[in-house]
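# Observations on the three-dimensional arrangement
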Amino acid sequence: MSSSSAEPTTGNQITYADYFRRTPTKDGWFGKYGGIFVPPELASVMEEVRLAYETISRSHEFISELRRIRKHFQGRPTPVYHAARLSRHLGRSQIYLKREDLNHTGAHKINHCMAEGLLAKFMGKKKIIAETGAGQHGVALATAAAYFGLECDIYMGEVDVAKQAPNVARMKILGTRVIPVTFGQRTLKEAVDACLMAYMQDSVNQIYCIGSVVGPHPFPMMVRDFQRVVGIEAREQILEMTGNLPDVVTACVGGGSNAMGMFSGFLADPCEIHGVEPLGKGPNPGEHSATMTYGKEGVIHGFRCYLLQNDKGEPAEVHSVASGLDYPGVGPEHCHLLDSRRVQYKTATDEEAVEAFFMLSRMEGIIPALESSHGVAHAIRLARTSKEPLSILVNLSGRGDKDMDYVIEHYGTGERYVK
Ligand SMILES: *Cc1c(COP(=O)(O)O)cnc(C)c1O
């Protein structure tokens, strides 16, 4: 594939020039996906959030305050970096990394958490609430709460509380209340249920801050909009650095927020766009979390999307070496971009991600998050297999400090991966 053959695959002749004005629709539909599947009490709360978002997010005060926070508190713009040594090792393709790992707190999640916190402040809310699985979203939101002087309740399954002690400690140090959820499987799904229940009980003082481009409308749209800064910056930076657009833009997909942020900058361009899902230990049910590849349409947590389901149509058990990617659903916009064929969805296994983790560490001095390593693994595979040299831009969504203990216990220090 050369840059001349990288025609945009726009499916049914959709143009992307005014895409963001039209997508989602007023009711929150991305094609057949998204919408609002919640009890009537919560639907009216969603409507309140949508109205507030649409007014406040356009105000000069909100925009200039968010800009200031991004620059002075988060450390934006994050750079685009040419991974020259890794590229040379692999052949003639060039790999570039958007360094979202250099954000304050070490990942892209702070992009939407600071904006959600600012929105809460403008709406006059006292408390921000959310669920967390591995604790990454909880820590980012606890950071925002401390910054804005808001109270923060994080709902977390009892099993996860025990597994993720360092993140639980971080949240508590930041002044957040961690509420263990003790029913059902006591993991992420129950934490979402508990959080939504608490939200229904008091939507006057509290606002729910979701962790990805998922949930009922307006959350998938709001979180995408808050993450768009990634793609806007990256496009300018790579043009300045190389004089050209990349041939391929890629990112890992869990719920899909870092990928939507990156992809949104390039939808109207003649670049191929590849989302990378976790294939875990393999393609059998329960071994992976590759929703777009193996799921079928369903409803989870208030929205319609591709969904990994068991025989009874319930959300399936999922697995990935990267805990931030093991979600049986996926953001509705990704489902729409798959159906319209603008974005292709690929997979990387645990083993491929771990190899990429060690290669990037050893060859560039950058230890990536295991989630982000899936995007890097795909870039490595493209560089190894492409006949033509490619320019590949990867969203490096986060840093790997949080993964140290796990990696060392299961994979050692990587000698066998990099020769
Ligand atoms: C949470 C997380 C992800 C997955 O979430 P998306 O919404 O798919 O971006 C990816 N990378 C890192 C570093 C994360 O913390």
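This text gives an overview of the structure that appears in the document. (Residues numbered from 1 in each chain as written. Predicted model: local features only at pLDDT ≥ 70, side-chain atom pairs only at ≥ 80, totals over all residues. Heavy atoms only, no water.)

## Considerations on the site of the ligand
- Close contacts around the ligand come from 16 residues, with Lys109, Ser212, Gly256, Ser257 and Ser397 the closest.
- A distance of 2.8 Å is found between an oxygen atom of the ligand and a backbone nitrogen or oxygen belonging to Gly254.
- The backbone of Gly256 places a nitrogen or oxygen atom 2.7 Å from an oxygen atom of the ligand.
- In isolation the ligand has 380 Å² of accessible area, and contact with the protein removes 97% of it.
- In the shell around the ligand, the residues fall into four nonpolar, 10 polar and two charged. (Near = heavy atom within 4 Å. Polar contact = N/O pair within 3.5 Å; in protein donor to acceptor, adjacent residues only side chain to side chain. Areas by Shrake-Rupley, 256 points an atom, 1.4 Å probe, with all protein chains shown as cover. Nonpolar A, V, L, I, M, F, W, Y, C, P; charged D, E, K, R; others polar.)

## Remarks on the packing of helix H2 (residues 40–56) against helix H9 (residues 188–201)
- For the pair H2 and H9, interaxial distance at closest approach is 10 Å and the crossing angle is 80 degrees. What the angle tells us is that H2 and H9 run roughly perpendicular. Across the interface between the two elements, Glu41, Leu42, Val45, Met46 and Val49 of H2 pack against Leu196, Tyr199 and Met200 of H9.
- Looking at the contact of H2 with H9 residue by residue, the class counts come to seven nonpolar, no polar and one charged. (Axes fitted to C-alpha atoms, helices over the stretch in contact; angles between N-to-C directions. Helix = DSSP H or I, 4+ residues; strand = E, 2+ residues; numbered from the N terminus. Parallel < 35°, antiparallel > 145°, perpendicular 65-115°, else oblique. Contact = heavy atoms within 4.5 Å.)

## Let's talk about the sheet that holds strand E3 (residues 80–82)
- Across the sheet, six strands lie side by side as E3-E4-E14-E9-E10-E13; this open sheet has mixed pairing. The sheet terminates laterally at E3 and strand E13 (344–349), the two strands that pair on one side only. For this sheet, the mean inter-axis angle between neighbouring strands, taken without regard to orientation, is 30 degrees.
- Sitting on the sheet, helix H14 (residues 350–364) is in contact with E3, strand E4 (94–99), strand E10 (272–280), E13 and strand E14 (391–396), with an inclination near 80 degrees to E13.
- In the packing of helix H15 (residues 370–385) onto the sheet, contacts are made with E4, strand E9 (248–252), E10, E13 and E14, and the angle to E14 comes to roughly 170 degrees. (Pairing = 2+ DSSP bridges.)

## A word on the pairing of strand E11 (residues 296–300)
- In this sheet, strand E12 (residues 303–307) lies alongside E11 in antiparallel orientation, the contact comprising five bridges. Considered in E12, the bridge of Val299 is made with Arg304.
- Here E11 hands over to E12 after two residues, with His301 in that stretch at a positive phi of 45 degrees.

## Regarding the side chain of His334
- Mapping His334 onto the fold places it in helix H13 (residues 332–339).
- Those residues in contact with His334 that lie beyond four places of it in its chain are Val213, Val253, Gly255, Gly256, Ala259, Met260, Phe263, Met292 and Tyr345.

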